[in-house]
Amino acid sequence: MKVEFFGVRGSMASPGSNTHIFGGNTSCVYIEQNNGKDLILDSGTGIVELGTRLLEKEHPITILLTHNHWDHIQGFPFFKPIYQPNRDITIAVGNIDDKKTEDAILKQMSGSYFPVCYQDLPANITLNTALSSQKQFTINDFSVSTALLNHPGGGTAYCVKADEIKVAYVTDNELSPPEKAKTTISEWVDFIKGADLLIHDAQFIDADLPLKHGWGHSTIDQVAELAIKADVKNVVIISHDPSRTDEQLLAIEKHLHTYYGQQVKIECGREGRVFDF
């Protein structure tokens, strides 16, 4: 299995001279099995570059959305395969609280929001609003498990297994929310247990709290401690604060290596980073 990062930023895209090491695109991760079957996790601005690559492949495309906040869907209108006639694209919508907005990834291409209406797209797009509410399902030869995110508005975390590799994708998620958690720490430990790769949101550092407590994101130390409890092999922190510079992220990475590096392999997510298992 191969896992490639196309977007690791949270909240909003942040291009510029201070983000060229880690990247400024919002959430998008691509997973490809040895047999060529694949999945896309989230549709932030990182999906735009991925779309150019997928033009060369004719197979159906599947996108698993965690939730519908802008930084997880805003790349979709610029995803080139949606403009290919009869290209089959399935989108699994995260298990969100507001069922009236489950189609937000399409509805952003309507009215005065975007010049191309989603009804006019030539691709065959199927919106599946029930799949991510299932505890387990199989898609494209991937075995997928789900858990509820602790995030305003709800959402779904995915644990993907194929080629004897386990990848957990948990973003955006607050491990210690002020209200009752939809998924507790012990349940997260069970969900990600023994993962070859944990991809987890850690947009905050301790200095961001308590102001941002309840905003639906975790701190870097909380994620490191969770990964150690769950015997995870590799950890990639994503959903970087849009104002966090390369220099600051390098300092965070140094902190993580110093305090947790003897117990788990952990790093800050970078665009272009590939795990080839």
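The coordinates are above.
Residues numbered from 1 in each chain as written. Predicted model: local features only at pLDDT ≥ 70, side-chain atom pairs only at ≥ 80, totals over all residues. Heavy atoms only, no water.

So, the overall build of the protein: which residues are in play, and what are the values?
Broken down by element type, the protein carries six helices and 14 strands. Counting the 277 residues in the protein, one finds 54% classified as buried. If you sum the accessible surface of the protein, you get close to 11,900 Å²; carbon and sulfur atoms cover 51% of it. (Helix = DSSP H or I, 4+ residues; strand = E, 2+ residues; numbered from the N terminus. Buried < 20%, exposed > 50% of the residue type's maximum accessible area, 1.4 Å probe, protein only. Areas by Shrake-Rupley, 256 points an atom, 1.4 Å probe, with all protein chains shown as cover.)

Go over the sheet that holds strand β4 (residues 61-64), please, and point to the residues and values.
Pairing is mixed across the open sheet formed by seven strands, whose spatial order is β6-β5-β4-β3-β2-β1-β14. Looking along the sheet, the strands with just one partner apiece sit at the ends: β6 (124-128) and β14 (274-276). Across the sheet, the mean angle separating the axes of adjacent strands is 20° when strand polarity is ignored. One ladder, built from five bridges, connects strand β5 (residues 88-92) with β6; its direction is parallel. Across the sheet, the residue bridging to Asp88 is Asn124, located in β6. Sheet contacts for helix α1 (residues 47-54): β1 (2-7), β2 (28-32), β3 (38-41) and β4; angle to β2, the most-contacted strand, approximately 35°. (Pairing = 2+ DSSP bridges. Axes fitted to C-alpha atoms, helices over the stretch in contact; angles between N-to-C directions. Contact = heavy atoms within 4.5 Å.)

Explain the pattern of salt bridges residue by residue, including any values.
Evaluation of the coordinates by the stated rule reveals 13 salt bridges. Between Asp241 and Lys212 there is a salt bridge, with its nearest N and O atoms 3.7 Å apart. Pair noted here: Asp241 is in the loop between β12 (234-238) and α6 (246-260) and Lys212 is in the loop between β11 (197-201) and α5 (220-229), with a separation of 29 residues, a long-range link. Considered together, Asp241 and Lys212 belong to a single accessibility category, that of buried residues. Across the pair Glu267 and Arg273 runs a salt bridge whose closest N-O atoms are separated by 2.8 Å. A residue is classified by how much of its surface remains accessible, and Arg273, at 29% relative accessible area, is partly exposed. (Salt bridge = Lys/Arg side-chain N within 4 Å of Asp/Glu carboxyl O.)

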